[in-house]
Amino acid sequence: RNPFSLPSEELRGTPRNPRYQSVRRAQHLLIAKGVEIRPATAFRVTAIVFGVLIALHFLWIARSIFIIAFLGVLLGLAMARAVDYLERIRIPRGLGAVLILIAFVGVLVGAFALIGPSIRDQTKELGKELPKAMRSIEGWVNQTPMKALVSQPSGATGSQPVEPKQKEQQQKQDGLTARVASELRGATKFLFPIVTSFLGAIGGIVIVLFIAMYIAATPDLYRKGMLHLVPHSRRHRAEEWLTTLGDTLRRWLVARLIAMVLIGVITGLGLAAIGIKGSVALGVLAGLLEFVPFFGPVVSAIPAIAVALVDSPQKALYVIGLYLVMQQLEGNVITPVLLKKRLDIPPVMTVLAVAALGAVFGVLGMLIAEPLLAAVLVTTKMLYVEDVVGDDVKLGNEK
């Protein structure tokens, strides 16, 4: 029985019934197109829809594990290239992966051991200078019409007398500094919904490192496992897709890490040349936040500009110019050269991806937004635009 058909008693004598007319139109359309929806087909489609919904629900519950696994795969792809080199000089892959991981952790620990005392001292200095900067900015704002935008309405009525001490305390609570502190507390809850404790963060880092080590040691094991899920007729194309995807993500990660180091060093030296206090700490902050495109450099520039305003507006302008130059240098020189024009992600899509994943997953979502978008673009271009649509597209700016 056609699922679009109705019992004859419901249709008999009711040619003007809207339900009757809509069903007849659907029947004629399906018959004209030669389409017949069988109960088995309807059941299969329903099962697929419910399966997708269940998978998305499970993905949402395990979203932190998904993000950790993705970061581990990224790091593992980068480590695999170094392990390949060690294998060529007759070092087993398992031992090579362990050595690379130990070297990676050792470099990080050594770097922080060298600059840690300077960062600690300059962080304390920034802790003293930033409140001065906020009070300076607040005093300037209070002399402009923007005061109404940052001031909270007072709870006291005009008929009640207010003592001077209470009035001063109320002004502090309603001022710009209090508003910024309140917004930062809210932003902290927004940015860190997954990493809820120090131990949880350490556990996540350990899991990322172990995933990376296992992928670097035996990449063919996981590659062949994925290829076994693909029919033989499409296996060669799937292998091309995996190779291109892995190469793209590896190049992206290496380019991003090198850009972080270069931007951090150049920013720290530039701030020191301008005479900004805490230049080393601010340079490290700029390098770390460089991992998050667009939003990271903007966030790293805010404390540097605030500290410069304590000395003079002229220094603040110099700092703004420095960060603008760094942004242009990273976007037009460092990243294109390191990626060798292999990947071309539209800026609007990057901004939307970072904002969307940041809103859903927090700061960890912002970390994986650009590489995840790169993976989606490579997959779409190769498996849909080329194979289904038939258009010949190129990845990035390849010739």
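Residues numbered from 1 in each chain as written. Predicted model: local features only at pLDDT ≥ 70, side-chain atom pairs only at ≥ 80, totals over all residues. Heavy atoms only, no water.

Turning to the overall build of the chain, a few remarks are in order. Scanning the chain for helices and strands turns up 16 helices and zero strands. For the chain, buried positions account for 32% of its 399 residues. Sequence-distant contacts, at least 24 apart, represent 69% of the contacts inside the chain between residues at least 6 apart. Accessible surface computed for the chain: about 25100 Å², of which carbon and sulfur atoms make up 68%. (Helix = DSSP H or I, 4+ residues; strand = E, 2+ residues; numbered from the N terminus. Buried < 20%, exposed > 50% of the residue type's maximum accessible area, 1.4 Å probe, protein only. Contact = heavy atoms within 4.5 Å. Areas by Shrake-Rupley, 256 points an atom, 1.4 Å probe, with all protein chains shown as cover.)

This paragraph deals with the confidence of the model for the chain. Per-residue confidence for the chain averages 75 on the pLDDT scale, and 67% of its residues sit at or above 70. When mean pLDDT is taken per element in the chain, helix α10 (residues 219-227) scores highest with 90 and helix α1 (residues 8-11) scores lowest with 47. Note on residues 170-174: pLDDT is under 50 here. Beyond four places in sequence and across chains, it has 10 contacts. (pLDDT = per-residue confidence, 0-100.)

Time to look at the environment of G365. Following the sequence through the fold, G365 ends up in helix α16 (residues 363-389). Distance from G365 to V354, taken between C-alpha atoms, is 7.3 Å for residues 11 residues apart in sequence. Excluding residues that lie within four positions of it along the chain, G365 makes contacts with I67, L357 and G358.

This brings us to the pattern of salt bridges. All chains considered together, the criterion is met by 10 salt bridges. Where E240 meets R237, a salt bridge forms, and the shortest distance between an N and an O atom there is 3.0 Å. Placement of both E240 and R237 in helix α11 (residues 232-274) is noted, with a separation of three residues, approximately one turn of the helix. By relative accessible area, R237 is classed as buried at 17%. Across the pair D247 and R250 runs a salt bridge whose closest N-O atoms are separated by 3.9 Å. In this pair, D247 and R250 are both assigned in helix α11, three residues apart and thus about one turn of the helix distant. Taken together, the shared-partner salt bridges connect R234, R237, E240, E386 and D387 into one network. (Salt bridge = Lys/Arg side-chain N within 4 Å of Asp/Glu carboxyl O.)

Let us look at α16. With 27 residues, α16 should reach 39 Å at 1.5 Å per residue; the first-to-last C-alpha distance of 36 Å fits that figure. A369 marks where α16 bends most, by close to 45°; the proline P371 follows one to four residues later. After α16 finishes, the residue G390 shows a positive phi value of roughly 95°. (Expected span 1.5 Å × (residues − 1). Bend = angle between axes of the 7 residues up to and from the residue.)

It is worth spelling out the packing of aromatic side chains at this point. Counted according to the given criterion, the structure contains three aromatic pairs. Consider the rings of W252 and F291, whose centres lie 5.5 Å apart with planes at 80°: the pair is edge-to-face. One end of the pair, W252, is in helix α11; the other, F291, is in the loop between α12 (279-289) and α13 (295-311), and 39 residues separate them in sequence. Like F291, W252 is buried. (Phe/Tyr/Trp six-rings, centres within 6.5 Å; stacked < 30°, edge-to-face > 60°.)

A pair of packed helices can be characterised by two numbers: the angle between their axes and the separation between those axes. Running from amino to carboxyl end, α11 crosses α16 at an angle of 150°, the nearest separation of the two axes being 10 Å. With respect to α16, the axis of α11 lies roughly antiparallel. Viewed along their axes, α11 and α16 form a crossing whose handedness is right-handed. Judged by residue contacts, R234, R237, E240, W241, T244, L245, T248, L249, W252 and R256 of α11 engage L367, E370, P371, A375, V378, T379, M382, L383, E386 and D387 from α16. (Axes fitted to C-alpha atoms, helices over the stretch in contact; angles between N-to-C directions. Parallel < 35°, antiparallel > 145°, perpendicular 65-115°, else oblique. Left-handed = near helix turned anticlockwise from the far one by under 90°.)

For the pair α11 and α12, the least separation of the axes is 7 Å and the interaxial angle reads 150°. Our classification of the angle between α11 and α12 gives roughly antiparallel. In the crossing of α11 with α12, the sense of the turn from one axis to the other is right-handed. Where α11 abuts α12, its residues M260, I263, G264, T267, G268, L271 and A272 lie against S279, L282, G283, A286, G287 and L288. In the contact of α11 with α12, the residues fall into seven nonpolar, six polar and no charged. (Nonpolar A, V, L, I, M, F, W, Y, C, P; charged D, E, K, R; others polar.)

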